[in-house]
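What follows is the residue order along each chain.
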Amino acid sequence: MNTRNTLATIAASAVLLVASGCAVTRGQETVGAYVDDAAITTAVKGRYIDNKDVDASSIRVETLNGTVMLSGFAKSSTEKTTAEALAWKVNGVKAVKNELAIRQ
């Protein structure tokens, strides 16, 4: 568990360091908003990794201006709603669009 937390922290730090020096390519955001969105995405993914009820590798997380978009596949409706609830708990999230498909 400590190894996962350490790896998640290292990944988050790397994303923040790299993103802060990059030019914004999406055009809709300032550099500060881009960094904030990267931090939100990293935090949501970290929550998925720490939660045994959500398969982090099957869910794609994208953030734009505080709106989190979830896509990919969930094994059940419970996993889908848990993924959305975990995303809402991250600071800075303004909205969550849950586009997860349930595998049958």
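Conventions we followed
- Residues numbered from 1 in each chain as written.
- Predicted model: local features only at pLDDT ≥ 70, side-chain atom pairs only at ≥ 80, totals over all residues.
- Heavy atoms only, no water.
- Helix = DSSP H or I, 4+ residues; strand = E, 2+ residues; numbered from the N terminus.
- Buried < 20%, exposed > 50% of the residue type's maximum accessible area, 1.4 Å probe, protein only.
- Contact = heavy atoms within 4.5 Å.
- Areas by Shrake-Rupley, 256 points an atom, 1.4 Å probe, with all protein chains shown as cover.
- Salt bridge = Lys/Arg side-chain N within 4 Å of Asp/Glu carboxyl O.
- 1 Å grid on protein atoms, 1.4 Å probe; cavity = no way out; pocket = protein on both sides within 12 Å on 5 of 7 lines; lining within 4 Å.
- Points joined across faces, edges and corners; volume = space filled by probe spheres on them.
- Nonpolar A, V, L, I, M, F, W, Y, C, P; charged D, E, K, R; others polar.

**Q** How should I be thinking about the overall build of the protein in this particular structure?
**A** A count of helices and strands for the protein gives three helices and four strands. In the protein, the succession of α and β elements from N to C terminus is α-α-β-β-α-β-β. A burial count over the protein gives 32% of its 104 residues as buried. Look at the contacts in the protein between residues 6 or more apart in sequence, and 56% of them connect residues 24 or more apart. Accessible surface, the protein as shown: approximately 6400 Å² in total, 56% of it carbon and sulfur.

**Q** Mind showing me how you'd approach the pattern of salt bridges here?
**A** Between side chains of opposite charge, a pair can form when the charged atoms approach closely. All chains considered together, the criterion is met by two salt bridges. Across the pair Asp55 and Lys75 runs a salt bridge, and its minimum N-O distance is 3.8 Å. With a gap of 20 residues between them, Asp55 in the loop between helix H2 (31-50) and strand S1 (59-64) and Lys75 in the loop between strand S2 (67-74) and helix H3 (77-88) connect regions that are remote in the sequence. Its relative accessible area of 23% is what places Asp55 among the partly exposed residues. The exposure class of Lys75 is exposed, given its relative accessible area of 58%.

**Q** It is not clear to me how empty space enclosed by the protein should be interpreted in this structure. Could you clarify?
**A** It is the rolling of a water-molecule-sized probe over the atoms that shows where space remains empty. Enumeration according to the criterion identifies one cavity of 30 Å³ or more in this entry. Reported here for the largest cavity is a volume of approximately 30 Å³. What lines the largest cavity is Asp55, Ser58, Phe73, Ala74, Lys75, Glu79 and Arg103. Split into classes, the residues belonging to the lining of the largest cavity amount to two nonpolar, one polar and four charged.

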